[in-house]
Amino acid sequence: MAWQPEESGLRQILQLLKESQSPDTATQRAVQQKLEELNRYPDFNNYLIFVLTTLKTEDDPTRSLSGLILKNNVRAHFEKFPTEVTSFIKQECLNSIGDPSPLIRATIGILVTTVVAKGELRNWPELLPTLCQCLDSEDYNICEGAFGALQKICEDSAECLDNDVVNRPLNILIPKFLQFFRHQSPKIRSHAIACVNQFIISRTQALMIHIDTFIENLFFLATDEDTDVRKNVCRALVMLVEVRMDRLMPHINNIIEYMLLRTQDNDDGVALEACEFWLSLAEQAICKEVLSPHIERLIPILVKGMKYSEIDIILLKGDVEEDEMIPDKESDIKPRFHKSKTHSQKRQEDADEDGESEEGYDDDDSLSDWNLRKCSAAALDVLANVFHEGVLPILLPILKETLFHEEWEIKESGILVLGAIAEGCMAGMMPHLPELIPYLIGCLSDKKALVRSITCWTLSRYAHWVVGQPHEQYLKPLMTELLKRVLDGNKRVQEAACSAFATLEEEACTELVPYLSFILETLVYAFSKYQHKNLLILYDAIGTLADSVGHHLNKEEYVKMLMPPLINKWNMLKDEDKDLFPLLECLSSVATALQSGFLPYCEPVYRRCVSLVEQTLNQNYANLQQPEQYDPPDKDFMIVALDLLSGLAEGLEGNIEALVANSAILKLLFQCMQDMMPEVRQSSFALLGDLTKACFQHVKACIGDFMPILGANLNPEFISVCNNATWAIGEISLKMGAEMEPYVKLVITPLIDIINRPNTPKTLLENTAITIGRIGLVCAQEVAPLLQQFIRQWCTSLRNIRDNEEKDSAFRGVCLMISANPGGVVQDFIFFCDAVASWVHPKQDLKEMFYKILHGFKNQVGDENWEKFSDQFPQPLRERLAVNYGV
């Protein structure tokens, strides 16, 4: 006898489903509690599936809700379900897969894929054969319901479908799906493509053997009248570019023609999927060759897509010019991610390469979902990086027309175009900038807020050029106008101006020093003006300013302007408020820049940071001991606090000694260095290095405990952790001197492994080389015998970094090791010569050490051999050594 519900139980559950649709939060809470209680009854889930599949007297939303509650139960407790309940649910799902209501079919599909994900495919062997059979049904509902379920399974469990444990069902499914590409129902055609699309990126073998049939079928559907079908066709072609460009090449011109058409599709969703094609194609080496014949038609299409649509303008409240008085909704504030501190070197060639600038294609928050405008702008950007000046003959006439258009929407899109091509076409744009930059500076006071905000972004993309020109002409007017926009009455403009100003600060660095009081006046005034969200961006602009001008900020008048509002915010925020993150980051930069100027503020800041670390560690301990009772902490509080402590140690140097002496920071640091989370360890090692430099007398007592932990973290799998641990070991070596000897064995082998590893990032190589040199400086006898294992990589890692103290100590170490073991460098001596020549102004005594080694080598081999040897040198190297060292 099949399971049947009891009348009273059913009534109770229907009552609950009705109540759960109530908007009242108290009712909602009561419902949640009741559901938890009901989960104790084994057949509660039978009632839920019964309402979903069988109780046709109820309305569709109620039945669907019952299914969704069941899905949550499956997700949370499936392993506890009795066998007979599981079987009943599976059987009911399959029996009702063709329910006449699309909502119920979709809900059953969601339930099926959840059961597969939780209970594994192999435990439901009849599922796929039954669904495949349903596909052949004459009844549209059965076919569509089965396809809907299959599409969800393909999305959620793609790798299980290609697994030997279940006999690789894809070998049957893919050919089956391909048969339905020409089905008379558009919904079914769309499902079929969507199913196959799940297997393109993983290059699944079962699809690859049918790839030509697949592509042929896609072409057949290219002009389908259904938007979902067209969307899925575009999506497939975009992925195929990445995975099987070879199969698309014979048809590439037709495909490009097709995508040009689809990028202008009347349906925005289709146009967006098609526009992704240009982003994918730009990453292919063959892009320039295949796209050149079409680029003249593509560029104007992309530009057209960059105009705000009417709906965008409504969503962005484009007609609201002043909104600075309206508080922000908390939901509008995106979570921020703290970038932990990493110790790195300045290189000679890349004074300003500080990573990629953030692309501004995500400038409109209420639209932060990707849309056609952003995708078109991103496509133009990447194509400008492929074709460079080649696109300007097409773009310049368009720009002339759009930039000066009286319709603001068109003018705005022209300004966005100008920003998008800045990186790729910089060389070709230079002749036009003397006339364009002043025009853009003028647009900063346009009456439309959306024009003002995009202009901020575009100008920031040309900041590098502006800073290189006479200041009176461009930098001063730009700065003056941008700072007015920082105080704009429109929040979006404030945000764009603040971000653009931060970019300008990074480019201009100390060039801003003459204007500091003017800049600070504005930024400090913004404190009183800004709503929540923009305050967070303002902190960033202030932090970047401090990083850019450094100790020039340490003037009494500046400190008096800047510190009170910062400390005021600091006092207002509670320890558990996430707004502390950007404020702590900002204070860290400010403390490092102000140095002794920060002294009056350092004690409360230091104490609070130590307390944040301590609270986080305690909460973490409680959570590990009793996970049911205590939630895990948000470790970002600890990471940001550690980084601010680093900033204090770096800025205050010896002045921090008394604070460290009266606190438990080293005990806490010992725990942080062993945390499971890499970012916590990364920041701990940065702080350890800074404390070593500032007040080693307190660190020294703990070295016996710290060194084994440092050694264990020399694991390049975690680049930044390894990098900071390496740097800290180098700083400790300098302070320990000969007392470092017992620890050399612990660290030297992993360091030599890292320097010899292929594909190690530059920063890590440089820090590793410096630390090896520093250990050699204090324990030459221990490291010198290993010289041959690292000297070549050592020399090539350090030849590009600028003269500084770290480079100085490292080279002294290597010179001592070479004196102790000259044979270790013989085979790689040319690399040593090259590294020596990379010094611009070595200190006199270091220069003498180089002189001794070079001449010692020359005397050893004799003049004739030295001639032969130095003939292999590149010309500039030979000249530098002759001029500076007389060899």
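Residues numbered from 1 in each chain as written. Predicted model: local features only at pLDDT ≥ 70, side-chain atom pairs only at ≥ 80, totals over all residues. Heavy atoms only, no water.

Give me the overall build of the protein: which residues, what numbers.
Looking only at helices and strands, the protein features 48 helices and zero strands. For the protein, the spread of C-alpha atoms along the principal axes amounts to about 100 × 70 × 65 Å. Out of the 887 residues in the protein, the part that is buried amounts to 56%. For the protein, the proportion of contacts with a sequence separation of at least 24, taken over those separated by at least 6, is 75%. Of the roughly 39,700 Å² of accessible surface on the protein, 51% is carried by carbon and sulfur atoms. The positive charge centre, built from 83 side chains, and the negative charge centre, built from 127, are 1 Å apart in the protein. (Helix = DSSP H or I, 4+ residues; strand = E, 2+ residues; numbered from the N terminus. Buried < 20%, exposed > 50% of the residue type's maximum accessible area, 1.4 Å probe, protein only. Contact = heavy atoms within 4.5 Å. Areas by Shrake-Rupley, 256 points an atom, 1.4 Å probe, with all protein chains shown as cover. Lys, Arg positive; Asp, Glu negative; His and termini not counted. Charge placed at Lys NZ, Arg CZ, Asp CG, Glu CD.)

So what about the environment of leucine 573? Which residues, and what values?
Residue placement: leucine 573 occurs in the loop between helix 31 (556-572) and helix 32 (580-594). Excluding residues within four positions of it along the chain, leucine 573 makes contact with Asp579, Leu580, Leu583 and Arg608.

Tell me what's going on with the side chain of histidine 191, and back it up with residues and numbers.
Its location among the elements puts histidine 191 in helix 10 (residues 186-197). With residues near it in sequence (within four places) discarded, histidine 191 still touches Glu144, Phe147, Gly148 and Gln151.

Explain helix 9 (residues 170-179) residue by residue, including any values.
For helix 9, every residue scored as buried is listed here: Leu170, Leu173, Ile174, Lys176, Phe177 and Leu178. Where helix 9 is buried, its residues touch helix 7 (127-135), helix 8 (140-156), helix 10, helix 11 (205-208) and helix 12 (211-220).

Give a description of the side chain of glutamate 273 that names residues and reports values.
Structurally, glutamate 273 is set in helix 16 (residues 268-282). Looking at glutamate 273, the relative accessible area reads 17%, which means it is buried. Residue contacts for glutamate 273: discarding those within four places in its chain leaves Lys231, Cys234, Arg235 and Val238.

Explain the packing of helix 18 (residues 295-305) against helix 20 (residues 372-387) residue by residue, including any values.
Contact geometry for helix 18 and helix 20: axes closest at 8 Å, N-to-C directions at 145 degrees. The hand of the helix 18/helix 20 crossing is left-handed. Residues Ile295, Leu298, Ile299, Leu302 and Gly305 of helix 18 pack against Leu372, Arg373, Ser376, Ala379, Leu380, Leu383 and Phe387 of helix 20. Its residues assigned to classes, the contact of helix 18 with helix 20 shows nine nonpolar, two polar and one charged. (Axes fitted to C-alpha atoms, helices over the stretch in contact; angles between N-to-C directions. Left-handed = near helix turned anticlockwise from the far one by under 90°. Nonpolar A, V, L, I, M, F, W, Y, C, P; charged D, E, K, R; others polar.)

Give me the nonpolar core: which residues, what numbers.
Within the largest apolar cluster, 317 residues are counted, with the highest numbers of intra-cluster contacts made by Phe214, Trp278, Phe598, Leu648, Trp794 and Phe832. The leading source of residues in this core is helix 34 (residues 636-652), at eleven residues. Look past the residues within four positions of tryptophan 278 in its chain and what remains in contact with it is Ile256, Met259, Leu260, Thr263, Leu291, Leu298, Leu302, Ala379 and Leu383. (Core = buried A, V, L, I, M, F, W, Y, C linked by side-chain atoms within 4.5 Å.)

Now, about the state of the cysteines: what can you tell me, with residues and values included?
Put plainly, a disulfide is one covalent bond tying together the sulfur atoms of two cysteines. Within this structure, the stated rule accounts for zero disulfides. The structure places no disulfide on cysteine 702, whose sulfur is separated from the nearest cysteine sulfur, that of cysteine 695, by 11 Å. Owing to a relative accessible area of 16%, cysteine 702 belongs among the buried residues under this scheme. Cysteine cysteine 833 remains unbridged, with the sulfur of cysteine 795 as its closest cysteine sulfur at 8.9 Å. (Disulfide = S-S within 2.5 Å.)

Lay out the packing of aromatic side chains with the relevant residues and their values.
Following the criterion strictly, the structure yields 23 aromatic pairs and no others. Both rings, one in tryptophan 794 and one in phenylalanine 811, keep their centres 4.9 Å apart while their planes meet at 65 degrees; by these two values the pair is edge-to-face. Residue tryptophan 794 is located in helix 43 (residues 787-798), and its partner phenylalanine 811 is located in helix 44 (residues 805-820); the two are separated by 17 residues in the primary sequence. Looking at tryptophan 794, the relative accessible area reads 0%, which means it is buried. Their ring planes at 90 degrees and their centres at 6.4 Å tell us that tryptophan 866 and phenylalanine 873 sit as a pair that is edge-to-face. (Phe/Tyr/Trp six-rings, centres within 6.5 Å; stacked < 30°, edge-to-face > 60°.)

Tell me about the packing of helix 22 (residues 408-420) against helix 25 (residues 449-461), and please be specific about residues and values.
Orientation of helix 22 relative to helix 25, taken along the N-to-C sense of each, is 15 degrees, at an axis distance of 8 Å. By the angle between their directions, the pair helix 22 and helix 25 is classed as roughly parallel. Between helix 22 and helix 25 lies a crossing whose hand is left-handed. Contacts between helix 22 and helix 25 pair Trp408, Lys411, Glu412, Ile415, Leu416, Leu418, Gly419 and Ala420 from the former with Leu450, Val451, Ile454, Thr455, Trp457, Thr458 and Arg461 from the latter. (Parallel < 35°, antiparallel > 145°, perpendicular 65-115°, else oblique.)

A description of the environment of lysine 400 should follow, citing residues and the corresponding values.
Mapped onto the elements, lysine 400 comes out in helix 21 (residues 392-403). Taking relative accessible area as the criterion, lysine 400 reaches 60% and is therefore assigned exposed. Sequence spacing of lysine 400 and arginine 189 is 211 residues, and the spatial spacing of their C-alpha atoms is 45 Å.

I'd love a proper account of unusual backbone geometry, names of residues and values included.
One non-glycine residue with positive phi stands out, namely cysteine 509, at about 45 degrees. The topology assignment puts cysteine 509 in the loop between helix 28 (491-508) and helix 29 (516-529). Cysteine 509 gets classed as partly exposed once you look at its relative accessible area, which sits at 31%. A positive phi is found at glutamine 595, a non-glycine position, where the angle reads about 50 degrees. Turning to its location among the elements, glutamine 595 is positioned in the loop between helix 32 and helix 33 (599-625).

Give me the pattern of salt bridges: which residues, what numbers.
Counted by the stated rule, this structure contains 38 salt bridges. Between glutamate 257 and arginine 297 there is a salt bridge, with the nearest N and O atoms lying 2.9 Å from each other. Within this pair, whereas glutamate 257 is found in helix 15 (residues 252-262), its partner arginine 297 is found in helix 18, the two being separated by 40 residues in sequence. On the accessibility criterion, glutamate 257 (32% relative accessible area) is partly exposed. Its salt-bridge partner being glutamate 603, residue arginine 607 comes within 3.1 Å of it at the nearest N-O pair. In this pair, arginine 607 and glutamate 603 both sit in helix 33, four residues apart, roughly one turn of the helix. Of the residues examined, arginine 607 reaches a relative accessible area of 38% and is grouped as partly exposed. You can call glutamate 603 partly exposed: its relative accessible area is 39%. (Salt bridge = Lys/Arg side-chain N within 4 Å of Asp/Glu carboxyl O.)

Can you explain the environment of alanine 502? Please cite residues and give values.
Within the fold, alanine 502 resides in helix 28. Not counting residues up to four positions away in its chain, the partners in contact with alanine 502 are Asp540, Ala541 and Thr544.

An account of helix 21 is requested, with residue identities and associated values reported.
Listing the buried residues of helix 21 in full gives Leu392, Ile394, Leu395, Ile398, Leu399, Thr402 and Leu403. The arc that holds every buried residue of helix 21, seen down its axis, measures 140 degrees, which confines them to one face. Seen from the buried face of helix 21, the exposed residues on the opposite side, beyond 90 degrees, are Pro393, Lys400 and Glu401. In this fold, the buried residues of helix 21 make contact with helix 18, helix 20, helix 22, helix 23 (426-429) and helix 24 (433-443). (Arc of directions from axis to C-beta.)

Could you give an account of the confidence of the model for the protein, naming the residues involved and the relevant values?
Of the residues in the protein, 95% have a pLDDT of 70 or more, and the chain-wide mean is 88. Counted against residues more than four places away or in other chains, residues 362-367, with its pLDDT under 50, gives 23 contacts. (pLDDT = per-residue confidence, 0-100.)

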